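Chain and residue survey
Chain by chain, the residues:
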Amino acid sequence: MAVIVLGHKNPDTDTVTAAIAVADLLTKRGVEAKAITQGAINPETDYVLKKFGVAAPAVQTSVEGAKVALVDTTELTQLPDDLAKAEILYVYDHHKLGDVTTSGPLEMWVWPVGCTGTVVKNAYDFYGIEIPKAIAGIMLCAILSDTVMFKSPTCTECDKKAVEALAKIAGVTDYMAIGLEMFKVKSAVDGTPIRDLVFRDYKDFNMSGKKVGIGQLEVVDLSILEPIKAQLLEECKKVKGEEGGRHSVFLLLTDIMKEGSEMLIVSDDPKIVDKAFSVTVTGSSVWLPKVMSRKKQVVPNFEKAFA
Ligand code: MN
Ligand code: MN
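Because the structure is predicted, anything quoted here is derived from the model rather than measured. (Residues numbered from 1 in each chain as written. Chains lettered and ligands numbered in written order. Predicted model: local features only at pLDDT ≥ 70, side-chain atom pairs only at ≥ 80, totals over all residues. Heavy atoms only, no water.)

1. A few points about the packing of aromatic side chains
The final tally for this structure, using the stated rule, is ten aromatic pairs. Taking 4.9 Å as the distance between ring centres and 85 degrees as the angle between the ring planes, the aromatic pair formed by Phe126 and Tyr127 counts as edge-to-face. Residue Tyr127 is classed as partly exposed on the basis of its relative accessible area, which comes to 29%. Where Phe277 meets Phe302, the ring centres are 5.3 Å apart and the plane angle is 85 degrees; that geometry is what we call edge-to-face. A residue pair is termed long-range when its members are at least 10 positions apart, and Phe277 in helix α9 (residues 271-277) and Phe302 in helix α10 (residues 294-306) qualify at 25 residues. Classification of Phe277 as buried rests on a relative accessible area of 12%. Of the residues examined, Phe302 reaches a relative accessible area of 0% and is grouped as buried. Lying across the ring of Tyr127, Arg29 places its NZ or CZ 3.8 Å from the centre. (Phe/Tyr/Trp six-rings, centres within 6.5 Å; stacked < 30°, edge-to-face > 60°. Buried < 20%, exposed > 50% of the residue type's maximum accessible area, 1.4 Å probe, protein only. Helix = DSSP H or I, 4+ residues; strand = E, 2+ residues; numbered from the N terminus. Lys NZ or Arg CZ within 6 Å of the ring centre and 35° of its normal.)

2. Here we look at the nonpolar core
Formed by 57 residues in total, the largest nonpolar core has its most connected members in Val5, Tyr92, Tyr124 and Leu140. Here this core spans two domains, since at least three of its residues come from each of domain 1 (3-184) and domain 2 (194-306). In contact with Leu140, other than residues within four places in its own chain, are Val163, Leu166, Ala167, Ala170, Val172 and Tyr175. Ile214, Phe250, Ala276 and Val298 belong to the second-largest nonpolar core, a separate cluster that totals 21 residues. (Core = buried A, V, L, I, M, F, W, Y, C linked by side-chain atoms within 4.5 Å. Domains from an automatic or database assignment. Contact = heavy atoms within 4.5 Å.)

3. Some thoughts on the sheet that holds strand β4 (residues 67-71)
What the six strands build is an open sheet, ordered β3-β2-β1-β4-β5-β6; its pairing is parallel. Where the open sheet ends on each side, the last strands, each with one partner, are β3 (58-59) and β6 (107-110). Here strand β5 (residues 87-93) pairs with β6 via four bridges, running parallel. Bridge pairing in β6 links Tyr92 to Trp109. Across the face of the sheet, helix α1 (residues 13-28) comes into contact with β1 (3-6), β2 (33-37), β4 and β5 while running at roughly 170 degrees to β2. Its contacts with the sheet put helix α3 (residues 116-126) on β4, β5 and β6, and the angle it makes with β5 is roughly 105 degrees. (Pairing = 2+ DSSP bridges. Axes fitted to C-alpha atoms, helices over the stretch in contact; angles between N-to-C directions.)

Shown next as structure tokens:
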């Protein structure tokens, strides 16, 4: 039975491409493996896969009885509900260690870098396995996406080196041009249901026993979102009341050119934002200069504020 390789819910480009790459790497190491996603891929990932001619993995939400490899997360809230009935054999990630546990030993590659793609690139090198051209292309896009084209504070020299090397393998000369094209696709909101925008890159967190949802929309120009901001806020209010209720829902509207985020706030305790970011919020949103990374800037600040 093939090892199932999967990333987080609301799959992003890193989760999808890392699953594809790890499935390839494991297969070439003699371990039969296949990538899946827990949901439909987003427009950015669709653009990336089509650009390099790679098929999207099948959608699957149950892993009962399977041997699995996790990529891009180790958080139970972001993994299938029946994960406890699966056996975790591999982890490739770049986030803080989450709350999964295993019954046996496992192979873990968890590095403090900007993207799982960077970790997987180094794993290919470690095993002396050649990266296929198309997979190098999608991995380099994942790194540009996760690091917001090297602008995110999560970006490391290791990520930049990986992109340089992957670009050579993929035969890409101007990778920044591909990155910008990718972010333009990501920025497009016309015709996309408001709910899909809120959930495009959304994660639930457990913060000192409180359920907190944090979504992020990255655009090349915040003015794109101006006409729909009120609707986005209304949808966040709806989401807050769903699934037994949440303490807070925050939506980051990140302007990758201005390098900052406007945060839409729906919370039982809006003052938590003041505490987390040393600001004084008056309405239902606040501009946070230089805040680009949910993982490195927003989640840790909120975790401290909620503690
Ligand atoms: Mn991800
Ligand atoms: Mn990632």
